[in-house]
Amino acid sequence: MLTVDYDRLDLRPGMTVLDLGCGEGRHAFEAYRRGASVIAVDWGRSEVETTKRWLGAIAESGEAPEGARYEVVRGDLTALPVPDASVDRVMASEVLEHIPDDVTAMAEIARVLKPGGRVAITVPRYGPERICWALSDEYHANEGGHIRIYRRDVVRTRLASVGLTSGASHHAHALHAPYWWLKCAVGVERDAAVVRAYHRMLVWDLTKRPWLTRTAERVLDPLFGKSLVVYADKLAVPQRDGGSAGGGPTEWERTAAAR
């Protein structure tokens, strides 16, 4: 289940892509299959190992094109283990709402992006998230849980504060909002029949992609899509030699190629 629109992100083969808070790797997998050189970062040890294992399986099965590379590292999003101006694209999906110092994390994104680079930020949308918080403290008030609810203007303002220019935005996963409302209403940890039934529908939608649910989600996303997605650019700065900024291989790219 992808939240980022790779066409709006303008992800192309050969680009270096940083997936922040990669979780178990869903966005990293697609970027790798599209021919990118992927650096996936997460603080969780199990998430790092799972993502590394699945990326290896994708490589072994031949699903990634020749030239695509990957690396998975454990790291702090407020102090990224990545050189300045070294990546073409960044994805930070459903992670900033967990980070106390989110502006520092955004500043790190700006630091590692090449001039002309682009980032996709996804966070829970204000309306659906507010309903979840109202229905259940258990949903968010736990270690590692959500510590804030974003409005779109707040995301744009904070991106601007670190030098990133916001562009397009959209919403995603409208069919998932009622699922979480149900879970919050009956108890997040409770194995309720209605929640199981709705989850089966979501799995069916994910695996079969039927026109009915795909059409319904496209129609409903603007109304109550669970996620807000904002794209932002780091403005290009021409180099004095006339070349485009960030055009040559980076330190990470040279090291990865040597492996």
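Please refer to the structure placed before this passage.
What counts, and where the lines are drawn
Every chain is numbered on its own, with residues counted from 1 as its sequence reads. Given that this is a predicted model, residues contribute local features only at a pLDDT of at least 70 and side-chain atom pairs are listed and counted only at 80 or more, while totals for whole chains, interfaces and linings are drawn from all residues. Values reported for side chains reflect all heavy atoms of the structure, with hydrogen atoms and water molecules removed beforehand. Fitted lines through C-alpha atoms give the axes, limited to the stretch in contact for helices. The angle between two N-to-C directions lies from 0 to 180 degrees. Starting at the N terminus, helices and strands are each numbered in turn, a helix being any DSSP run of H or I of at least four residues and a strand any DSSP run of E of at least two. Each angle receives one of four descriptions, namely roughly parallel if under 35 degrees, roughly antiparallel if over 145, roughly perpendicular if within 65 to 115, and oblique otherwise. Helix crossings are classified by the rotation of the near helix relative to the far one: an anticlockwise turn of less than a right angle makes the crossing left-handed, while a clockwise turn makes it right-handed. Note on contacts: a residue pair is in contact if any heavy atoms of the two residues lie within 4.5 Å. We define a salt bridge as a side-chain nitrogen of Lys or Arg found within 4 Å of a carboxyl oxygen belonging to Asp or Glu. Here's how the labels work: a residue is buried when its accessible area is under 20% of the maximum for its type, exposed when over 50%, partly exposed in between, all with a 1.4 Å probe on protein chains only. The pairing criterion is simple: DSSP has to find at least two bridges between the two strands. Two aromatic rings, drawn from Phe, Tyr or Trp (for Trp, its six-membered ring), form a pair once their centres lie within 6.5 Å of each other, and the interplanar angle then sorts them: stacked below 30 degrees, edge-to-face above 60, tilted otherwise. The criterion for a charge sitting over a ring is simple: Lys NZ or Arg CZ within 6 Å of the ring centre, and within 35 degrees of the ring normal.

Caption draft 1: Region of interest: the packing of helix 7 (residues 176-186) against helix 8 (residues 193-208). Interhelical geometry of helix 7 versus helix 8 gives an angle of 160° and a closest axis separation of 10 Å. The angle between helix 7 and helix 8 falls in the class roughly antiparallel. Every pair of crossing elements has a handedness; the one defined by helix 7 and helix 8 is left-handed. Between helix 7, through His176, Pro178, Tyr179, Leu182, Lys183 and Val186, and helix 8, the contact on the second element is made entirely by Val194, Val195, Tyr198, His199 and Leu202.

Caption draft 2: Structural detail: the pattern of salt bridges. A complete count under the given rule lists 16 salt bridges for this structure. For Arg34, the salt bridge goes to Glu30, with nearest N and O atoms at 2.9 Å. For Arg34, a relative accessible area of 32% puts it in the partly exposed group. As a salt-bridge pair, Lys226 and Glu129 come within 3.5 Å of each other at their nearest N and O atoms.

Caption draft 3: The sheet that holds strand 7 (residues 227-233), seen in detail. The strand order across the open sheet built from seven strands is 3-2-1-4-5-7-6, with neighbouring strands paired in mixed fashion. Of all the strands in the sheet, the pair left with one neighbour each is strand 3 (69-74) and strand 6 (165-172). The average undirected angle you get between the axes of adjacent strands in this sheet is 15°. Note that strand 6 and strand 7 share six bridges and pair antiparallel. Its bridge partner lying in strand 7, Ser169 is registered against Val230. Sitting on the sheet, helix 3 (residues 45-61) touches strand 2 (37-42) and strand 3, and the angle it makes with strand 3 is about 170°.

Caption draft 4: Spatial organisation of the pairing of strand 7. Most of strand 7 is tucked away: six of the seven residues are buried. Pairing between strand 5 (residues 113-124) and strand 7: seven bridges, direction antiparallel. Residue Val119 lies in a different strand from strand 7, and its bridge partner there is Ala232.

Caption draft 5: Quick look at the packing of aromatic side chains. Under the defined criterion, the tally for this structure stands at five aromatic pairs. Relative to Tyr70, the ring of Tyr32 lies with its centre 5.4 Å away and its plane at 75°, an arrangement referred to as edge-to-face. Of this pair, Tyr32 sits in helix 2 (residues 26-33) while Tyr70 sits in strand 3; the two residues are 38 residues apart in sequence, bridging distant segments of the chain. Consider the rings of Trp181 and Phe224, whose centres lie 5.9 Å apart with planes at 45°: the pair is tilted. Here Phe224 lies in helix 9 (residues 211-224) and Trp181 lies in helix 7, a separation of 43 residues in the sequence. The rings of Tyr139, Tyr179, Trp180 and Tyr198 are connected pair by pair, giving a single aromatic cluster. One residue, Arg74, lies across the ring of Trp43, its end atom 3.8 Å from the ring centre.

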